[in-house]
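Chain residues, written in single-letter form:
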Amino acid sequence: MGRVAVITAPNIGYRNTGMLTVDLAFESLRRRMDTAFDATWYTLHTPETVPLREGARGTAFPFRFHPLAEHLGTLRDHDAVVFWGDFLYTRHYLAQDATNRLLDFGFATDRDDARAQLNRALLLSDQPDEVLARTLSYGGTILHNTQSDYEDKEHGPLFSRLVTRAHRMWVRDPLSAAKIAHLRRDRTTDHFGSDAALLSRPGDLDHLPTTEWSRSVPEGGAIGVFLVPAPRSPSGCPASARACPTVWAPRWSGCPGSTGTSPPRSATPRPARAVPRSAIWSGCCPATGWSSRTRTTWPSTPGAPALPRCASARPSRPPRRTTTT
């Protein structure tokens, strides 16, 4: 049976439930695959670095993490190495969050030591090309990288080596996919994947512990999570969420994209339609950054009501300039 090393972002104490669903999605995918393999899980520092959150204590998760820095030599013993989700090779993550966390927990003596550890662990700087040739990455992003990050004398060459010599990379946003295609000089291969958590299917997470509040939500109800600035609901978001199956979703009568103006603070939001729990909203109006409320549904929920799309979901082209003689 094959062996796969899975490298994920550290989720100390299992505090971040979103990151946990990313990890569980890999296990769901592994069970569904025709080719059986064993997965060995690695991360920078294990969840047990701090006390586990209450809901995670005593829960039988289908993985046990090993500290990556202590097991880098074992990566060569695996048939494949998979980087799974998150900002694992984004320069600002390596230089800030990951470095600070290693220092906070005493895993590094100084910032130079921390960066050297991260280069070995997440950019595979000490691994031979044969390991990179069987390395895959799914669900990551380099959206926040800038050209100066690629020009950085330390990060740039190591990142470029990983990207160009890895077997395959799929990222979760189109801008990152375009950059990966540019670096790999391969515009015929699709590098656009998805957020890794979306590979779970309905029912895959039913074994997780629930809270009294979540158990009180009626069947067919929905909970909306919005990642854009918005005025408060007149009745308050939490109260609105508890009023499932109808959920308050802040949106306005039109997209303010063409003028570049923001919605007025006094704008009254309209109630959103109730949708199945498997409906997930994403996307944003490029002209303004306000959410366009696009919808993705699993095949098991046909006919789910659609939410309105932003009228300016695609930025309009500037008018052509004409020259007269």
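Each value, and the rule that gives it
- Residues numbered from 1 in each chain as written.
- Predicted model: local features only at pLDDT ≥ 70, side-chain atom pairs only at ≥ 80, totals over all residues.
- Heavy atoms only, no water.
- Helix = DSSP H or I, 4+ residues; strand = E, 2+ residues; numbered from the N terminus.
- Buried < 20%, exposed > 50% of the residue type's maximum accessible area, 1.4 Å probe, protein only.
- Contact = heavy atoms within 4.5 Å.
- Areas by Shrake-Rupley, 256 points an atom, 1.4 Å probe, with all protein chains shown as cover.
- pLDDT = per-residue confidence, 0-100.
- Pairing = 2+ DSSP bridges.
- Axes fitted to C-alpha atoms, helices over the stretch in contact; angles between N-to-C directions.
- Salt bridge = Lys/Arg side-chain N within 4 Å of Asp/Glu carboxyl O.
- Parallel < 35°, antiparallel > 145°, perpendicular 65-115°, else oblique.
- Left-handed = near helix turned anticlockwise from the far one by under 90°.
- Nonpolar A, V, L, I, M, F, W, Y, C, P; charged D, E, K, R; others polar.
- Phe/Tyr/Trp six-rings, centres within 6.5 Å; stacked < 30°, edge-to-face > 60°.
- Right-handed = clockwise from strand over helix to strand, strands pointing away.
- Polar contact = N/O pair within 3.5 Å; in protein donor to acceptor, adjacent residues only side chain to side chain.

With respect to the overall build of the protein chain
Turning to step 1, where the next piece is worked out: A count of helical and extended segments in the protein chain gives 9 helices and 8 strands.
Turning to step 2, where the next piece is worked out: Burial statistics for the protein chain: of 325 residues in total, 42% are counted as buried.
Turning to step 3, where the next piece is worked out: For the protein chain, the proportion of contacts with a sequence separation of at least 24, taken over those separated by at least 6, is 67%.
Turning to step 4, where the next piece is worked out: For the protein chain, the accessible surface area stands at approximately 18,400 Å², while carbon and sulfur atoms represent 51% of it.

Brief notes about the confidence of the model for the protein chain
Turning to step 1, where the next piece is worked out: Overall, the predicted model of the protein chain reaches an average pLDDT of 76, with 67% of residues at or above 70.
Turning to step 2, where the next piece is worked out: Between residues 230–319, whose pLDDT stays under 50, and residues either more than four places distant or in other chains, the model counts 143 contacts.

Section: the sheet that holds strand β1 (residues 2–7)
Turning to step 1, where the next piece is worked out: The 6 strands lie next to each other as β3-β2-β1-β4-β5-β6, forming an open sheet whose pairing is parallel. Sheet topology places β3 (65–67) and β6 (168–171) at the edges, where each strand pairs with a single neighbour. Pairwise comparison of adjacent strand axes, ignoring direction, gives a mean angle of 25° for this sheet.
Turning to step 2, where the next piece is worked out: Across 4 bridges, strand β5 (residues 135–140) lies against β6 in parallel orientation. Following the sheet pairing, Tyr138 is matched in β6 by Trp170.
Turning to step 3, where the next piece is worked out: Seen against the sheet, helix α1 (residues 17–32) touches β1, β2 (37–43), β3 and β4 (80–86) and runs at an angle of roughly 140° to β4.

Topic: the pattern of salt bridges
Turning to step 1, where the next piece is worked out: Using the criterion set out here, one finds 7 salt bridges in the structure.
Turning to step 2, where the next piece is worked out: Its salt-bridge partner being Asp129, residue Arg161 comes within 2.9 Å of it at the nearest N-O pair. Placement of the pair is Arg161 in helix α6 (residues 155–165) and Asp129 in helix α4 (residues 129–132), with a sequence separation of 32 residues.
Turning to step 3, where the next piece is worked out: Look at Arg161 and you get buried, because its relative accessible area is 18%.
Turning to step 4, where the next piece is worked out: Relative accessible area serves as the criterion here: at 40%, Asp129 is assigned to the partly exposed category.
Turning to step 5, where the next piece is worked out: Salt bridges linked by common partners bring Arg91, Asp149 and Asp152 together as one network.

Describing the packing of helix α2 (residues 91–104) against helix α3 (residues 111–122)
Turning to step 1, where the next piece is worked out: At a minimum axis distance of 9 Å, the contact between α2 and α3 shows a crossing angle of 110°. One way to sum up the angle between α2 and α3 is to call them roughly perpendicular. Judged by the sense of rotation from one axis to the other, the crossing of α2 with α3 is right-handed. Residues Tyr93, Leu94, Ala95, Gln96, Ala98, Thr99, Asn100, Leu102 and Leu103 of α2 form the contact with α3, whose participating residues are Arg111, Ala114, Arg115, Gln117, Leu118 and Leu122.
Turning to step 2, where the next piece is worked out: Considered class by class, the residues forming the contact of α2 with α3 number 9 nonpolar, 4 polar and 2 charged.

Section: the packing of α6 against helix α7 (residues 174–184)
Turning to step 1, where the next piece is worked out: Where α6 meets α7, the axes come as close as 9 Å, and the angle between the chain directions of the two elements is 85°. When the axes of α6 and α7 are compared, the pair comes out roughly perpendicular. Note on element contacts: α7 touches α6 through Ile180, Leu183 and Arg184, opposite Phe159, Val163 and Thr164.
Turning to step 2, where the next piece is worked out: Residue composition of the contact of α6 with α7, by class: 4 nonpolar, 1 polar and 1 charged.

Notes on the packing of aromatic side chains
Any pair of aromatic rings gets described here by the distance separating the centres and the angle formed by the planes.
Turning to step 1, where the next piece is worked out: Scanning the entire structure with this criterion turns up 14 aromatic pairs.
Turning to step 2, where the next piece is worked out: Where Tyr14 meets Phe61, the ring centres are 4.6 Å apart and the plane angle is 50°; that geometry is what we call tilted. Highlighted residues: Tyr14 in the loop between β1 and α1 and Phe61 in the loop between β2 and β3, separated in sequence by 47 residues.
Turning to step 3, where the next piece is worked out: You can call Tyr14 buried: its relative accessible area is 5%.
Turning to step 4, where the next piece is worked out: With a centroid separation of 6.3 Å and an interplanar angle of 80°, the aromatic rings of Phe83 and Tyr89 are classed as edge-to-face. Of the two residues examined, Phe83 and Tyr89, each falls in the buried class.
Turning to step 5, where the next piece is worked out: Among the aromatic residues, those joined into a cluster by ring pairs are Tyr14, Phe26, Phe37, Trp41, Phe61, Phe63, Phe65, Trp84, Tyr138 and Trp170.

A look at the pairing of β1
Turning to step 1, where the next piece is worked out: In this structure, β1 lies alongside β2, joined through 6 bridges in parallel fashion. Bridge pairing in β2 links Arg3 to Asp38.
Turning to step 2, where the next piece is worked out: Of the crossover connections in this fold, the one passing from β1 over α1 to the parallel β2 is right-handed.
Turning to step 3, where the next piece is worked out: In this structure, β1 lies alongside β4, joined through 4 bridges in parallel fashion. Paired with Ile7 across the bridge in β4 is Phe83.

A look at the environment of Asn145
Turning to step 1, where the next piece is worked out: Along the chain, Asn145 turns up in the loop between β5 and α5 (147–151).
Turning to step 2, where the next piece is worked out: Since its relative accessible area comes to 10%, Asn145 is described here as buried.
Turning to step 3, where the next piece is worked out: Excluding residues within four positions of it along the chain, Asn145 makes contact with Tyr89, Thr90, Arg91, Tyr150 and His155.
Turning to step 4, where the next piece is worked out: A polar contact is formed between the side chain of Asn145 and the backbone nitrogen of Arg91, at a distance of 3.2 Å.

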